[in-house]
Amino acid sequence: LRSPFEMSPLILFTAATAAPTAYNGASGRLRSALLASYDKGVFPWEVAWEAAQADGPERSGLEVEMGINFHRVHSVDVVNHATDMIVWYRLRWHDPRLVWNASQYGGVTTLQL
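Residues numbered from 1 in each chain as written. Predicted model: local features only at pLDDT ≥ 70, side-chain atom pairs only at ≥ 80, totals over all residues. Heavy atoms only, no water.

Student: Any details on the overall build of the chain? Residues and values, ideally.
Tutor: Scanning the chain from N- to C-terminus turns up three helices and two strands. Taken from N to C terminus, the helices and strands of the chain fall in the order α-α-α-β-β. Here the contacts in the chain between residues at least 6 apart in sequence split such that 54% fall between residues at least 24 apart. (Helix = DSSP H or I, 4+ residues; strand = E, 2+ residues; numbered from the N terminus. Contact = heavy atoms within 4.5 Å.)

Now the structure itself:
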């Protein structure tokens with residue numbers, strides 16, 4: 001049994017990619033275009049390598065912002081060191097494969113996935 005904490009990113013991304021054509025307008029077209037050939041299981045090694053070469057030896061990895069919102073605590077078991085809770089888990093990073101020209105998509109500059 002996996003905790004909600006471990007499952008949240010997978011659930012959010014799966015829901016976002018399950019029906020990209022359900023969105024209307026420029027943001028819907030953009031979402032469909034970006035995710036049509038996007039493989040979330042493949043790391044963009046070529047892009048990372050080029051970025052590492054441009055930044056020089058000081059590059060140490062990918063900057064990822066993480067946020068956790070504790071929505072509800074159901075139980076705390078002090079004896080067994082266990083908790084049962086619902087959390088909202090957000091990760092944010094720059095993926096160079098998800099870049100677009102805003103003028104081609106009605107001026108859309110940000111998109112929530």
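Still more to cover.
Student: Go over a nonpolar patch on the surface with me, naming the residues and quoting the values.
Tutor: On the surface, Val64, Met66, Ile68, Phe70, Leu91 and Trp93 cluster together to form a nonpolar patch covering roughly 580 Å² of accessible area. When you line up the elements, Trp93 lands in the segment after β2 (82-92). (Patch = residues over 30% accessible without salt bridge, like charges linked within 9 Å, V, L, I, M, F, W, Y side chains within 5 Å. Areas by Shrake-Rupley, 256 points an atom, 1.4 Å probe, with all protein chains shown as cover. Salt bridge = Lys/Arg side-chain N within 4 Å of Asp/Glu carboxyl O.)

Student: So, the pairing of β2: which residues are in play, and what are the values?
Tutor: By the bridge criterion, eleven bridges tie strand β1 (residues 65-77) to β2 in an arrangement that is antiparallel. When the sheet's bridge partners are listed, Phe70 is paired in β2 with Val87. In sequence, β1 turns back onto β2 through a hairpin of four residues, with His81 there showing a positive phi of about 55 degrees. (Pairing = 2+ DSSP bridges.)

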